[in-house]
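# An overview of the molecular structure
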Amino acid sequence: MWSFFSRDPAKDFNYEIGEVVSGFENRSVWSLHKGKKKGSGEEVSIFVYELKSGSDTQLEVAKGAVKRLKTLRHPSVLTFLDSLESEKVLYLVTEYVEPLGIHLEKLPLEEAQKDLYVAWGIFQITRALSFLNNDGSLRHNNVNIWSVFVNNSGEWKLGGVEYVSNTQDSNVSIYKVTPSLEVYDPPEKNDPNKQRSVTKCSQDMWGLGCLIWEVFHGALYQQSSLRISEKIPRQLSNLYLELIGSNPQSRPNPADIITRCRKLGGYFKNDLVDTLLFLEEIQIKDKNEKNRFFSNLTPHLDNFPDNICKHKILPQLITAFEYGDAGSAVLAPMFKLGRLLDELEYQKKIVPCVVKLFGSNDRATRSRLLQQLEHFINHLQASTVNEQIFPQIAHGFMDTNPTIREQTVKSVIHLAPKLSYNNLNVEVLRHFARLQAKDDQGGIRTNTTVCLGKIAHHLHPQIRQKVLISAFIRAMRDPFPPARNAGVLALAATQQYYLLAEVSQRILPALCQLTLDPEKSVRDSAFRTIKGFLGKLEKVSEDPSLRESMEADVNTATPSLSNAAATWAGWAVTAVTAKFYRSQSDTVKSMNTFANKILNKPGSLEQPSSSSISTTTSSVTSMTSLEHEEGSRGNESVSDYDYDQWGDNDNWGDMETGGQMASSSGSGGITGTQSDPTSPPSGSGGAKVTDGWDNEEWGSLEEEAEVEAELTSPSDAWSPDTTPIIPPKSDSGKNIVNRKPLDGWDDTEFEPIDENSSIGNQKLDEARRKREEKKMIRHKELEARRANRSTGGPMKLGTKKI
């Protein structure tokens, strides 16, 4: 029993005491040690006072510091955790910190970051002094670089509370038991006349002036050095002179300092201080203020210190998202700061937010998630992607908003390496087949082809062999020129996946049809690709032993870029992998309007031309427009932002019937789901519509027939760039496309695009004949004019008189 009462309580101390922090000696009655909490391993700082090595006065000062720190709670005051007193030692445990004097010596910040950071630190200490002087009626009496500490979050904390006194105490001659601290005593300490004009904050304001000097010049060893102030920023120079003034009454109150320096142009008015103060008060901000703040935050993060971003800003962002109404605007800065976390922290802090976000019905949130996908996809486990995230993303393939559909297609680039066999080779391709064939947006059809070319190496070899050629040939027959060009480039970029028999029997015949394409960019790509494929065939013809190496990657899951088949199409790989097509405004056009534009503008098929494509804008609408549209959805009968559209009740999983064109009104308007202009109306010829790219559905792929139209006017001069390809029209004015279902993947798959070939050829021959006649007539007229000029006539401007 006696042994229980007599044992040393320090043995039951809940913290492990580590190594001593060098550089803090002789600056306090304490020695500072690193420490860890037993069990959790949490880092702490432990201030140790050895009873045997000190005097009774020092012991009273140390005990007073423990008692005072227990009662002080403020964001800018050192956080007390625990204490222990035994017969030999006194322990004071706080949050993990290091002295500011040591911290500044190894500060690795760039100059711009350091300026912002130091301003934030001085602001915190000024705020802590305002709390003590004005709210607590206390004097600190020990403000200097050694009484300020910095935690992991980069926050400056006021410690060194050994000499705190009440402001009602008129005695300012406080005895410092540590001789090195006497250099910080104000001049009135030894001048009885000046002591009469002492205010409640004058002593601490002198200390604040000393601290400012030390931050920019280093530790203070003699008071005369305070006169040298060239390193102090211009914005602080006037304030500094007031702080170190000899008259105590002329020194400002800390609350007044904050007010002055927070004004526009003041030292405390910068992006970092503004950001951190907003986050501290975020709970009382309204939604509009939060959205505005988070939208403007991302570009400023590069100028903030990493430790503040990681430990101060990021936790606030996560909290604001989970428990506040910050909305999707918080995503961009949150994902940008996620790069500062190690993998374990990322899985613990960010991944749960990501999974939760993908379940949101808010379109703006979904759009921002898809835009930011590349920043966090590498941190997600494959099981998380397949089981929790992909099912939510897949809804976007059928979204009524073109922006969401397009971003969903682009997201597959980042998702593909982590998707399971079924999700990638079945689900994704099923959606891609429908989008490429039926989506009313040319840009989305184009980007679906581009994306398929990008993810080809992730597909299963058997699926890849069945899908790619048919998919890219379908793209090559699209009325939208960039879609046709994407099909050609994708064929070239994935050329190592095709058997030579397929090249000669399927690919080259389809490419040859594009050598007379209205768009020169398509023709150029077609010629270049044809030359590449012919080069392969020619090499194998000369040396049949090369065939095996040419087809080495067809049935391999991990293709090699070093084989003989992958040497000529680098240009196409670069073109396909560089960028997605930047769509136009995504305004849905009616089918009749689309056809009229074809007739009126022979140089284009869906409004683009080789000159206009480069100036189009992205179809990804801004978040502002998304949110505006969401706010106005109550006025629409069928809104793109109707949250009910995200459910499973509207045939989300019925891919066989989804996306079919609804019946058109008499005026040509489209109702219900928008359809591809190249798809036949539901009542035209009883054509069977199929969507899939798998064995059965791709085996019955319907090739769209296209015929060259007659010239809009007999007087129009022909040129390869202005000959349109126009689907024939029925009497009712609607486009009718003749399709022939294919029975298999044999040689009969590629029949002429124009099934009415005899009629088409007659028209083409007649048109060519007329053009040749007109050329001859024109040539004769020009020759006659030249002859007239040479034989005389009136003098023309610019001709030389002989």
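What you see is a predicted model, and the numbers here were worked out from it, not measured in a lab.

### Some thoughts on the overall build of the protein chain
Helix and strand counts for the protein chain stand at 29 helices and 12 strands. Out of the 802 residues belonging to the protein chain, those deemed buried represent 50%. Taken as a whole, the protein chain presents about 38000 Å² of accessible surface, with 50% of it coming from carbon and sulfur.

### Quick look at the pattern of salt bridges
A full pass over the atoms with the stated rule returns 26 salt bridges. A salt bridge links Arg445 to Asp478; the shortest N-O distance between them is 2.6 Å. One end of the pair, Arg445, is in helix α19 (residues 442–454); the other, Asp478, is in the loop between α20 (461–476) and α21 (481–493), and 33 residues separate them in sequence. The two residues Arg445 and Asp478 agree in class, both being buried. Asp517 is paired through a salt bridge with Arg484; the nearest N and O atoms lie 2.6 Å apart. One end of the pair, Asp517, is in the loop between α22 (500–512) and α23 (520–542); the other, Arg484, is in helix α21, with 33 residues separating them in the sequence. Taking relative accessible area as the criterion, Asp517 reaches 1% and is therefore assigned buried. Three or more residues joined by partner-sharing salt bridges are found here, namely Arg127, Glu155, Glu280 and Lys312.

### Overview of the sheet that holds strand β6 (residues 97–99)
One open sheet accounts for 3 strands, arranged β6-β8-β9; its pairing is antiparallel. Where the open sheet ends on each side, the last strands, each with one partner, are β6 and β9 (156–158). Mean inter-strand twist for the sheet, computed between neighbouring axes without regard to direction, equals 40°. Looking at chain direction, strand β8 (residues 148–151) and β9 are connected through 3 bridges and run antiparallel. Looking at β9, one finds that Val148 is bridged to Leu158. Strands in contact with helix α4 (residues 111–135) are β8 and β9; relative to β9, the strand with the most contacts, it is inclined by about 25°.

### Digging into the pairing of strand β5 (residues 89–95)
Counting buried residues in β5 gives 7 out of 7 residues, a clear majority hidden from the surface. Examined bridge by bridge, strand β3 (residues 43–50) and β5 share 7 bridges and lie antiparallel to one another. Looking across to β5, one finds that Val48 is bridged to Tyr91. Bridge analysis of strand β4 (residues 80–85) against β5 gives 5 bridges, and the strand direction is antiparallel. Considered in β5, the bridge of Ser83 is made with Leu92. Between β4 and β5, which pair antiparallel one after the other, the connecting turn spans 3 residues.

### Quick look at the nonpolar core
Core analysis: the biggest nonpolar cluster contains 163 residues, and Trp30, Trp156, Ile313, Met334, Phe335, Leu452 and Tyr498 have the highest contact counts within it. With 12 residues, α4 is the largest single contributor of residues to this core. Residues within four places of Tyr498 in sequence aside, it is in contact with Leu468, Ile469, Phe472, Ala490, Leu491, Val503, Ile507, Phe533, Glu551 and Val554.

### Topic: the environment of Lys269
Residue position: Lys269 is located in the loop between α8 (254–261) and α9 (271–280). When its relative accessible area of 34% is taken as the criterion, Lys269 is described as partly exposed. The spatial distance from the C-alpha of Lys269 to the C-alpha of Trp120 is 9.4 Å, given a sequence separation of 149 residues. Ignoring any residue separated from it by four or fewer positions in sequence, one finds Lys269 in contact with Cys261, Arg262, Lys263, Leu264 and Asp274.

### Remarks on the packing of aromatic side chains
Counting across every chain of the model gives 16 aromatic pairs. Between the aromatic rings of Trp30 and Tyr49, the centroid separation amounts to 6.4 Å while the plane-to-plane angle is 75°, which identifies the pairing as edge-to-face. A residue pair is termed long-range when its members are at least 10 positions apart, and Trp30 in the loop between β1 (15–20) and β2 (31–37) and Tyr49 in strand β3 qualify at 19 residues. Measuring from ring centre to ring centre gives 5.8 Å for Trp120 and Phe123, while their planes differ by 20°; the resulting arrangement is stacked. Of this pair, Trp120 and Phe123 are both found in helix α4, 3 residues apart, which corresponds to roughly one turn of the helix. Trp120 sits in the buried class, given a relative accessible area of 1%. Among the residues examined, Phe123 registers a relative accessible area of 4% and is labelled buried. Across the ring face of Tyr163, the terminal group of Lys176 is positioned such that the distance to the ring centre comes to 5.6 Å. Here the basic side chain of Arg464 rests over the ring of Tyr497, its NZ or CZ set 4.1 Å away from the ring centre.

### Focus on the packing of α9 against helix α11 (residues 306–323)
Here α9 crosses α11 at 40°, and the two axes come no closer than 10 Å. As summarised for this structure, α9 and α11 are arranged oblique, according to the angle between their axes. The way α9 lies across α11 gives a crossing that is left-handed. Facing Leu272, Thr275, Leu276, Leu279 and Glu280 of α9, the residues of α11 in contact are Ile308, Lys312, Ile313, Gln316 and Leu317. In terms of residue class, the contact of α9 with α11 is made up of 6 nonpolar, 2 polar and 2 charged.

### With respect to empty space enclosed by the protein
Which parts of space are left empty comes out when a probe the size of a water molecule is rolled across the atoms. Within this structure, the stated rule accounts for 7 cavities of 30 Å³ or more. As a volume, the largest cavity reaches approximately 150 Å³. Along the wall of the largest cavity there are 22 residues; nearest its centre are Ser28, Trp30, Gly160, Val161 and Glu162. Residues belonging to the lining of the largest cavity are distributed by class as follows: 13 nonpolar, 7 polar and 2 charged.

### Let's talk about the environment of Gln372
Within the secondary structure, Gln372 is located in helix α15 (residues 363–376). As a C-alpha pair, Gln372 and Ala332 span 40 residues in sequence and 6.9 Å in three-dimensional space. Sequence-distant contacts of Gln372, that is, excluding residues within four places in its chain, are made with Ala332 and Phe335.

### A few points about unusual backbone geometry
One non-glycine residue with positive phi stands out, namely Ser137, at about 50°. With respect to the helices and strands, Ser137 occurs in the loop between α4 and β7 (138–139). With a relative accessible area of 29%, Ser137 lands in the partly exposed category. Look at Asn141: it is not a glycine, yet its phi comes out positive at around 70°.

Calculation rules
Residues numbered from 1 in each chain as written. Predicted model: local features only at pLDDT ≥ 70, side-chain atom pairs only at ≥ 80, totals over all residues. Heavy atoms only, no water. Helix = DSSP H or I, 4+ residues; strand = E, 2+ residues; numbered from the N terminus. Buried < 20%, exposed > 50% of the residue type's maximum accessible area, 1.4 Å probe, protein only. Areas by Shrake-Rupley, 256 points an atom, 1.4 Å probe, with all protein chains shown as cover. Salt bridge = Lys/Arg side-chain N within 4 Å of Asp/Glu carboxyl O. Pairing = 2+ DSSP bridges. Axes fitted to C-alpha atoms, helices over the stretch in contact; angles between N-to-C directions. Contact = heavy atoms within 4.5 Å. Core = buried A, V, L, I, M, F, W, Y, C linked by side-chain atoms within 4.5 Å. Phe/Tyr/Trp six-rings, centres within 6.5 Å; stacked < 30°, edge-to-face > 60°. Lys NZ or Arg CZ within 6 Å of the ring centre and 35° of its normal. Parallel < 35°, antiparallel > 145°, perpendicular 65-115°, else oblique. Left-handed = near helix turned anticlockwise from the far one by under 90°. Nonpolar A, V, L, I, M, F, W, Y, C, P; charged D, E, K, R; others polar. 1 Å grid on protein atoms, 1.4 Å probe; cavity = no way out; pocket = protein on both sides within 12 Å on 5 of 7 lines; lining within 4 Å. Points joined across faces, edges and corners; volume = space filled by probe spheres on them.

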